Amino acid sequence: MAIFSVNGSRICGIAAAVPKEKEHNLDYERLTEAEKKLLIKTIGISTRHIAPPGITTADLCQQAAEKLIDTLKWDKNEIDLLIFVSQSPDHFLPASAVILQHKLGLPKTTAALDIMLGCSGYVYGLSVISSLLSTGGFKKAILLAGDISTHGITRTDKSTWPLFGDAGTATAIEFNSTSKTFFNLQSDGSGANAIIIPDGGLRNPISEKTFVNEEAEKGIIRHRRNLWLNGLDVFNFSVREAPVNIRTLMEYAEVPEEQIDYFIFHQANLLMNETIRKKLKLPVEKVPYSLGAFGNTSSASIPLTIVSQLNQMTLTPKKLLLSGFGVGLSWASAILDTEKIICPEVLYI
Amino acid sequence: MEDITLFISKIEGEIDGIVPGSLKPETHFREIPEWSSMHALVLMALSETEYDVTLTGEDLRKCGTVQEIYNLISSRT
């Protein structure tokens, strides 16, 4: 079982950047008025920020990282680890983290790597950084997490278009010998088809069939380079697995619900997250949401929620439980103590 | 599990647009005006939170009426 604790890392700050361009789901022409109202009430997503062509996830993460490093007054020469978590990298190769090492002006002594995960990616990224920091060989690290999910969705698919928003985040983490973080990481590739972009990789290379639009269901017209989402399967998976993963971690860490200040979930959709919250019997005020204004922002959703919803609350010590669940299928939770997390205002690029 | 009348009233409370009292055990839920996959999610969430019973998309595909959904959930409680 991938359930463990790590000594030695502390989050110092988090920054988030989203594109200025915004779309309101009330303006989505492929839904009836009743469907729009039901969507906003049930799924909870009103607006989403959508990157224009030319803006990449790496660009958003870079802006967030620059702001964060500047705010924290970190010396870039002291940053020795950079991890980029995304499923929308700049290129197949090289890794975006390596390109960003250069663009951010970090020294050549910085270790840089990509992690290709979505909804669970922030927690997975934290686990890798925490583990490396715990060796004592690294002192300061930046975790970049985000996605331009809208590159893979199309207006003609009403099952995905109103859900996803674009965002990039940066989290500054430093070695701290006294802190302890708990993780529970899981995966189930049998559910790979629940959220998938079928073509474009080596399994299904781009072909003449790739960009042929097909009507999968009424209101769902898409091609094989678009994101295909089976919402019912993802719902079943999330409400079945996330609560168990979280409960198991709390028992392992011997941390009861009363001791945790906030449960910050991946922002999938309101109905799904509320079902998880109710199954865990968590009070509403402990479960913040950012999806109303930003939609599902993939691996950026947990840090974006902290920045946009908790902000000043993070200036005093807190115990947080973070949980991401989705594409893969992959899911992961963490329990961590914070002292003072500096969060600049969300950047609109 | 509670009787079907209470079950129906909970569905009516969760799904907008249904006139209270209009839903019957024999109602084919897909014939509810504006029925969509979002309504299916609402039913699945209701089953999870109220009865701790998981309903899958496949389960719903096999059901035609409100009574059939009720029977399915009852059989798993």
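Residues numbered from 1 in each chain as written. Chains lettered and ligands numbered in written order. Predicted model: local features only at pLDDT ≥ 70, side-chain atom pairs only at ≥ 80, totals over all residues.

Some remarks on the overall build of chain B
Put simply, the test is: Where helices and strands are cited, they refer to DSSP runs of H or I of at least four residues and of E of at least two residues respectively, numbered from the N terminus. It is over C-alpha atoms that the radius of gyration is taken, and the globule rule equals 2.2 Å times the number of residues to the power 0.38. By the convention adopted here, residues are in contact when the distance between their C-beta atoms, placed from the backbone, does not exceed 7 Å.
Tallying secondary structure elements over chain B gives 4 helices and 0 strands in all. Counting helices and strands in the order they occur from the N terminus, chain B gives α-α-α-α. A globule of 77 residues ought to have a C-alpha radius of gyration of about 11 Å, and chain B, at 11 Å, matches this closely. Considering only C-alpha atoms, chain B reaches an extent of 30 × 25 × 20 Å along its principal axes. Residue pairs at least 24 apart in sequence account for 57% of intrachain contacts in chain B once pairs closer than 6 positions are excluded.

Quick notes on the interface of chain A and chain B
Rules: Side-chain classes are defined by residue name, with Ala, Val, Leu, Ile, Met, Phe, Trp, Tyr, Cys and Pro counting as nonpolar, Asp, Glu, Lys and Arg as charged, and the others, Gly among them, as polar.
Contacts between chain A and chain B engage 18 residues on the former and 16 residues on the latter. Elements with a contribution of two residues or more to the side of chain A that touches chain B: α1 (33-42), α5 (231-253) and α6 (270-279) of chain A. A total of 7 residues in the side of chain A that touches chain B trace back to one element, the largest contributor, which is α5(A). Broken down by class, the residue content of the side of chain A that touches chain B amounts to 8 nonpolar, 5 polar and 5 charged.

Thoughts on the pairing of strand β13 (residues 318-326) of chain A
All names here are of chain A. To keep things clear, this is the line we draw: Whether a residue is buried, exposed or partly exposed is read from the other C-beta atoms within 10 Å of its own C-beta, which are placed from the backbone; 20 or more gives buried, 12 or fewer gives exposed, and intermediate counts give partly exposed. We call two strands paired when DSSP finds no fewer than two bridges between them.
The element β13 is extensively covered by neighbouring structure, given that 7 of its 9 residues are classed as buried. The pairing of β13 with strand β14 (residues 330-338) spans 9 bridges and is antiparallel. Bridge pairing in β14 places Leu-321 opposite Ile-335.

As for helix α8 (residues 301-310) of chain A
Residues and elements named next belong to chain A. Counted residue by residue, α8 has 8 buried out of 10 residues, so it is predominantly covered. Every buried residue of α8 is listed here: Ser-301, Ile-302, Pro-303, Leu-304, Thr-305, Ile-306, Val-307 and Leu-310. Directly beyond the C-terminal end of α8, a positive phi value near 30° is found at Asn-311.

A word on the nonpolar core
Residue and element names in this part refer to chain A. The criterion, for reference: Joining buried Ala, Val, Leu, Ile, Met, Phe, Trp, Tyr and Cys residues through C-beta atoms within 7 Å gives a set, and that set is a nonpolar core.
Core analysis: the biggest nonpolar cluster contains 123 residues, and Ala-16, Ile-83, Leu-143 and Leu-144 have the highest contact counts within it. Top contributing element to this core by residue count: α5, with 10 residues. Those residues within four positions of Ala-16 in sequence are excluded, and the remaining contacts are Ala-64, Ala-167, Thr-169, Ala-300, Pro-303, Leu-304, Val-307, Ser-308, Val-346 and Leu-347.

Remarks on unusual backbone geometry
All names here are of chain A. With an omega of 0°, the peptide bond running from Leu-93 to Pro-94 counts as cis. For Pro-94, the location among the structural elements is in the loop between β4 (79-85) and α3 (96-103). We note that Glu-254 has phi near 55°; this positive angle belongs to a residue other than glycine. Topologically, Glu-254 is positioned in the loop between α5 and β12 (262-265).

Some details on the environment of Pro288(A)
Residue and element names in this part refer to chain A. In this fold, Pro-288 is placed in the loop between α6 and α7 (291-294). You can call Pro-288 partly exposed: it has 17 C-beta atoms within 10 Å. When sequence neighbours within four positions are dropped, the list of residues in contact with Pro-288 reads Tyr-262, Ile-264, Thr-305, Gln-309 and Leu-310.

Thoughts on the packing of α1(A) against helix α2 (residues 37-51) of chain B
The cut-off we apply is this: A fitted line through C-alpha atoms serves as each axis, taken over the contacting stretch for helices, and the angle formed by two N-to-C directions is quoted from 0 to 180°. It is the rotation of the near helix from the far one that decides the hand of a crossing: anticlockwise by less than a right angle makes it left-handed, clockwise makes it right-handed.
Running from N to C, α1(A) and α2(B) cross one another at 35°; their axes reach a closest spacing of 10 Å. In this structure, α1(A) crosses over α2(B), and the sense of that crossing is left-handed. Residues Leu38(A), Leu39(A) and Thr42(A) of α1(A) pack against Met38(B), Leu41(B) and Val42(B) of α2(B). Grouping the amino acids of the contact of α1(A) with α2(B) by side-chain chemistry returns 5 nonpolar, 1 polar and no charged.

Let's talk about the confidence of the model for chain B
All names here are of chain B. Counted only if it meets this: A score between 0 and 100, pLDDT records how confident the predictor is in each residue.
For chain B, the average pLDDT comes to 86, and 100% of its residues sit at 70 or higher. When mean pLDDT is taken per element in chain B, helix α4 (residues 66-76) scores highest with 91 and helix α1 (residues 4-14) scores lowest with 86. We note a pTM of 0.94 for the whole complex and an ipTM of 0.86 for its interfaces.

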